[in-house]
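For reference, the chains in residue letters:
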Amino acid sequence: MNLIPISEADFNVKIDIKYATSDNFTGKPVYRAAKCYLHPEAAETLKKAVSLALPLGLKFLIFDAYRPSEAQWKLWEHTPDPGFLADPAKGSPHSRGVAIDLTLTDSVGKPLDMGTAFDAFTPLSHHGRTDIPLEAQKNRLLLMGIMTTAGWDFYRNEWWHYQLFNSRNYPLFSDKDAGTGMM
């Protein structure tokens, strides 16, 4: 299966692949290259989400999408927390190319307040929190509404994580298998 490259120009999104930088929970780059890919079905579902957000004056900022299996192992070795990371022995939806980590931005590219940062491994990152600012609650519900209407499923522990339904039915890809050159 060929993964689809996701570019800012082709998908009308902003991209900041956090695991290609030190600005992530490990404190160092995990990916060798900042690339963004999705399974073709996930790429089409992203296009639907973008088309729902644009009339509202909103855009998406993508933090992660396809994650090579090798990277999932590195993340797990750093923080083996099944509440926030998929056990690489079972496989992550990211390593299947059918998950995306993102947030909404306003029309000038400023991220909306979601109550916590991306990859904040805390219960405050869970959906449905009422102990975060009201504006952040509204923004999370807006993000969830757009994403689920477009056809994404959400992960209850991470406001930023969305995946295709039946994500475990898609095959896992290593960096070598996918040919992405990310690792």
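The structure this text deals with has already been given above.
Residues numbered from 1 in each chain as written. Predicted model: local features only at pLDDT ≥ 70, side-chain atom pairs only at ≥ 80, totals over all residues. Heavy atoms only, no water.

Draft legend 1. Representation of the sheet that holds strand β6 (residues 152-155) in the model. Read from one edge to the other, the open sheet built from 5 strands follows the order β2-β4-β5-β7-β6, with strand pairing classed as mixed. Two strands close off the open sheet at either side, each with one partner strand: β2 (14-15) and β6. As paired strands, strand β5 (residues 99-105) and strand β7 (residues 158-164) are joined by 3 bridges and run antiparallel to one another. Following the sheet pairing, Ala 99 is matched in β7 by Gln 163. Most of the contacts of helix α4 (residues 134-150) go to β5, to which it runs at about 130°, and overall it touches β4 (59-64), β5, β6 and β7. (Pairing = 2+ DSSP bridges. Helix = DSSP H or I, 4+ residues; strand = E, 2+ residues; numbered from the N terminus. Contact = heavy atoms within 4.5 Å. Axes fitted to C-alpha atoms, helices over the stretch in contact; angles between N-to-C directions.)

Draft legend 2. A look at the environment of Gly 151. Topologically, Gly 151 is positioned in the loop between α4 and β6. When sequence neighbours within four positions are dropped, the list of residues in contact with Gly 151 reads Thr 45, Leu 164 and Phe 165.

Draft legend 3. Spatial organisation of the packing of aromatic side chains. The final tally for this structure, using the stated rule, is 9 aromatic pairs. On the numbers, 6.5 Å between centres and 75° between planes, the contact of Tyr 66 with Phe 173 is edge-to-face. In this pair, Tyr 66 is assigned in the loop between β4 and α3 (69-78) and Phe 173 in the loop between β7 and α5 (175-178), connecting sequence segments 107 residues apart. Take Tyr 66 and Phe 173: they sit in the same class, and that class is buried. Following the ring pairs from residue to residue traces out a cluster consisting of Tyr 19, Phe 25, Tyr 31, Phe 63, Phe 84, Phe 118, Phe 121, Trp 159 and Trp 160. (Phe/Tyr/Trp six-rings, centres within 6.5 Å; stacked < 30°, edge-to-face > 60°. Buried < 20%, exposed > 50% of the residue type's maximum accessible area, 1.4 Å probe, protein only.)

Draft legend 4. The arrangement of the packing of helix α2 (residues 40-53) against α4 in detail. At a minimum axis separation of 8 Å, α2 and α4 run at an interaxial angle of 135°. In this view, α2 runs oblique relative to α4, as classed from their interaxial angle. Helix-helix and strand crossings are classified by hand; for α2 and α4 the assignment is right-handed. Contacts from Thr 45, Lys 48, Ala 49, Leu 52 and Ala 53 in α2 reach Ile 146, Met 147, Thr 149 and Ala 150 in α4. By residue class, the composition of the contact of α2 with α4 is 6 nonpolar, 2 polar and 1 charged. (Parallel < 35°, antiparallel > 145°, perpendicular 65-115°, else oblique. Left-handed = near helix turned anticlockwise from the far one by under 90°. Nonpolar A, V, L, I, M, F, W, Y, C, P; charged D, E, K, R; others polar.)

Draft legend 5. Up close: the nonpolar core. The biggest cluster of nonpolar side chains holds 49 residues, and the ones touching the most others in it are Leu 46, Phe 60, Ile 100 and Trp 152. Listing elements by their share of this core, those giving two or more residues are β3 (37-38), α2, β4, α3, β5, α4 and β7. The leading source of residues in this core is α2, at 6 residues. In this view, Ile 100 contacts Leu 38, Leu 46, Ile 62, Asp 64, Ala 65, His 94, Met 147, Trp 152, Trp 160, His 161 and Tyr 162; residues no more than four positions away in its chain are not counted. (Core = buried A, V, L, I, M, F, W, Y, C linked by side-chain atoms within 4.5 Å.)

Draft legend 6. Geometry of α3. Three or more residues of α3 are buried, namely Ser 69, Ala 71, Gln 72, Leu 75 and Trp 76. One face of α3 carries all of its buried residues, which in axial projection span an arc of 155°. (Arc of directions from axis to C-beta.)

Draft legend 7. The side chain of Asn 157, seen in detail. Position of Asn 157 relative to the elements: it lies in the loop between β6 and β7. Note on Asn 157: relative accessible area 6%, which makes it buried. Here the side chain of Asn 157 touches Gly 83 through a polar contact of 2.8 Å, landing on its backbone oxygen. Within the structure, the side chain of Asn 157 is placed 2.9 Å from the side chain of Arg 156, a separation counted as a polar contact. The residues contacting Asn 157, other than those within four sequence positions of it, are Gly 83, Phe 84, Ser 125 and His 126. (Polar contact = N/O pair within 3.5 Å; in protein donor to acceptor, adjacent residues only side chain to side chain.)

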